Amino acid sequence: HISYGATITACAYAGNLDTALQLLARMRAAGITPDLVCYNACMLACDKAGKMDTAYELLKKMPEDNVEPDLYTYCSLIAACQAPDDFDRAKQLMADLKALGLRPNEVIYNAMMDVCAKCGKADEARSYLSEMRADGVQPSLVTYNTCISAFSRIGDSNTCMELLQEVRHDNLKPDKISYNGCINAFGNTGNWPAALTLFRGMMTAGVEPDVISYTSCICALEQSNEWQKALELLADMRARGLRPGEIALRVCTRMCAKNDKWMEVQVILNEMDSEGFLPP
RNA sequence: UUGUACUUGA
């Protein structure tokens, strides 16, 4: 029944793996053989819950129901590789799916590049970008954003900016995520002036900054102890109708405290309390 | 849009 698939998917996004698996069991009890979509939805639930082992167990059980894994299945398996040393495992999954005769599509490459990003393997992410082009698979904005994220995490802002150019060269328009990634790259190297310049640049380009854009700039300012600029951004963000999140408020509190600005600390702490955020 | 996958902040 189709509603099982939809329900299991809902469980996946709610982070409720146990219920997802119970639904699979209930299907069998009702004499219904789980189909590929139900398995994939459970795989997704494993991914969201960070249960790699359960995902592999499901993969092993699929043949019992005469279900063949597809690209959705492998996407969730690859995406479940979240630990810093899961890169080799993801690479193996990539080999496995090819051995089954499946051809990686854009989403698979994106997922693989995201593993690279999370494992600190930025150069490998770039290689996958080349590989997908060579395979005739068109990179999308998600692809570039993932690659930017990979270089942002290792603090390679030059490559991030190059990738931003490649986005345009590919006739795509950088979005908030693209810019935010580059802003973080500058922040990660302590280059707050460049972060703020790009922040202004995104507005000039007609891309609206969001809470993450502001928060990334505020984080960039923390290393250099630029508390006044951080508070300006906080005010700016409110003027734009954006509500500072827990991260921005915590970072600002830290900075103000470090500089003995106790009145400012008090004001922010009160706001955090009324928002239901924990004090830093 | 017709049950399933990928990207940004302490």
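The structure we're discussing is the one just above.
First, a word on what this report is: a plain description of the structure on this page. All values reported here derive from a predicted model rather than from experimental measurement. (Residues numbered from 1 in each chain as written. Chains lettered and ligands numbered in written order. Predicted model: local features only at pLDDT ≥ 70, side-chain atom pairs only at ≥ 80, totals over all residues. Heavy atoms only, no water.)

**A closer look at the protein's contact with RNA strand B**
Put simply, the rule is: Here a residue is considered near a molecule or strand provided that any single heavy atom belonging to it is located within 4 Å of it. The definition of a polar contact used here is a pair of N or O atoms within 3.5 Å, where within protein one atom must be able to donate a hydrogen and the other to accept one, and adjacent residues in sequence count solely through side-chain atom pairs. Strands are runs of DSSP state E lasting at least 2 residues, helices are runs of H or I lasting at least 4, and numbering of each runs from the N terminus. Lys, Arg, Asp and Glu make up the charged group, whereas Ala, Val, Leu, Ile, Met, Phe, Trp, Tyr, Cys and Pro make up the nonpolar group; the residues left over, Gly among them, are polar.
The immediate surroundings of RNA strand B are formed by 35 residues, with Tyr 13, Lys 48, Cys 75, Asn 110 and Asn 180 found nearest. Counted by atom, the contact set of RNA strand B within 4 Å of the protein is 46% sugar and phosphate. Measuring from a base oxygen of RNA strand B, one finds a side-chain N or O atom of Asn 145 at 2.9 Å. Looking at the surface near RNA strand B, the elements with two or more residues in it are helix H1 (2–13), helix H3 (36–49), helix H5 (71–79), helix H7 (106–118), helix H9 (141–153), helix H11 (176–188), helix H13 (211–222) and helix H15 (246–258). A class-by-class count of the residues in the surface near RNA strand B yields 17 nonpolar, 12 polar and 6 charged.

**Some remarks on H3**
The line we're drawing: Expected helix span is computed as 1.5 Å times (number of residues minus one). Summary of the burial criterion: residues with accessible area below 20% of their type's maximum are buried, those above 50% are exposed, and those between are partly exposed, where the area comes from a 1.4 Å probe applied to protein chains only. Pairs of residues are marked as contacts when any of their non-hydrogen atoms sit within 4.5 Å.
Relative to the 20 Å expected for 14 residues at 1.5 Å per residue, H3 spans 20 Å between its end C-alpha atoms, a close match to the ideal helical length. Burial within H3 is extensive, with 10 of its 14 residues counted as buried. Burial in H3 covers these residues: Cys 38, Tyr 39, Asn 40, Ala 41, Cys 42, Met 43, Leu 44, Ala 45, Cys 46 and Asp 47. Tucked into the core, H3 has its buried residues touching H1, helix H2 (17–29), helix H4 (52–61) and H5. Measuring from the backbone nitrogen of Val 37 back to the side-chain oxygen at the start of H3 gives 3.3 Å, which picks out Asp 35 as the cap. Downstream of H3 by one or two residues, Gly 50 has phi in the positive range, about 70°.

**Details of unusual backbone geometry**
One non-glycine residue, Asn 66, adopts positive backbone phi at about 55°. Along the chain, Asn 66 turns up in the loop between H4 and H5. Look at Asn 66 and you get exposed, because its relative accessible area is 73%. Even without being a glycine, Asp 260 presents a positive backbone phi close to 60°. Considering the arrangement of structural elements, one finds Asp 260 in the loop between H15 and helix H16 (262–275). Assessed through its relative accessible area of 53%, Asp 260 is described here as exposed.

**Considering the packing of aromatic side chains**
Note the cut-off: Put simply, two rings from Phe, Tyr or Trp (the six-membered ring, in Trp's case) pair if the centres are within 6.5 Å, and we call them stacked under 30 degrees between planes, edge-to-face over 60, tilted for the rest.
A full pass over the atoms with the stated rule returns 2 aromatic pairs. Judged by centre distance (6.5 Å) and plane angle (55°), the rings of Tyr 109 and Tyr 128 are tilted. Pair noted here: Tyr 109 is in helix H7 and Tyr 128 is in helix H8 (residues 122–134), with a separation of 19 residues, a long-range link. A relative accessible area of 9% means that Tyr 128 is categorised as buried. Ring geometry for Phe 199 versus Tyr 214: centroids 4.9 Å apart, planes at 70°, classification edge-to-face. Highlighted residues: Phe 199 in helix H12 (residues 192–204) and Tyr 214 in helix H13, separated in sequence by 15 residues. In this structure, Phe 199 and Tyr 214 share a single accessibility class: buried.

**Considerations on H2**
Taking 1.5 Å of rise per residue, the 13 residues of H2 would be expected to cover 18 Å, and the 19 Å separating its terminal C-alpha atoms lies within 8% of that figure. Against the buried residues of H2 lie H1, H3 and H4. Of the residues flanking the end of H2, it is Gly 31, one or two places downstream, whose phi is positive at about 80°.

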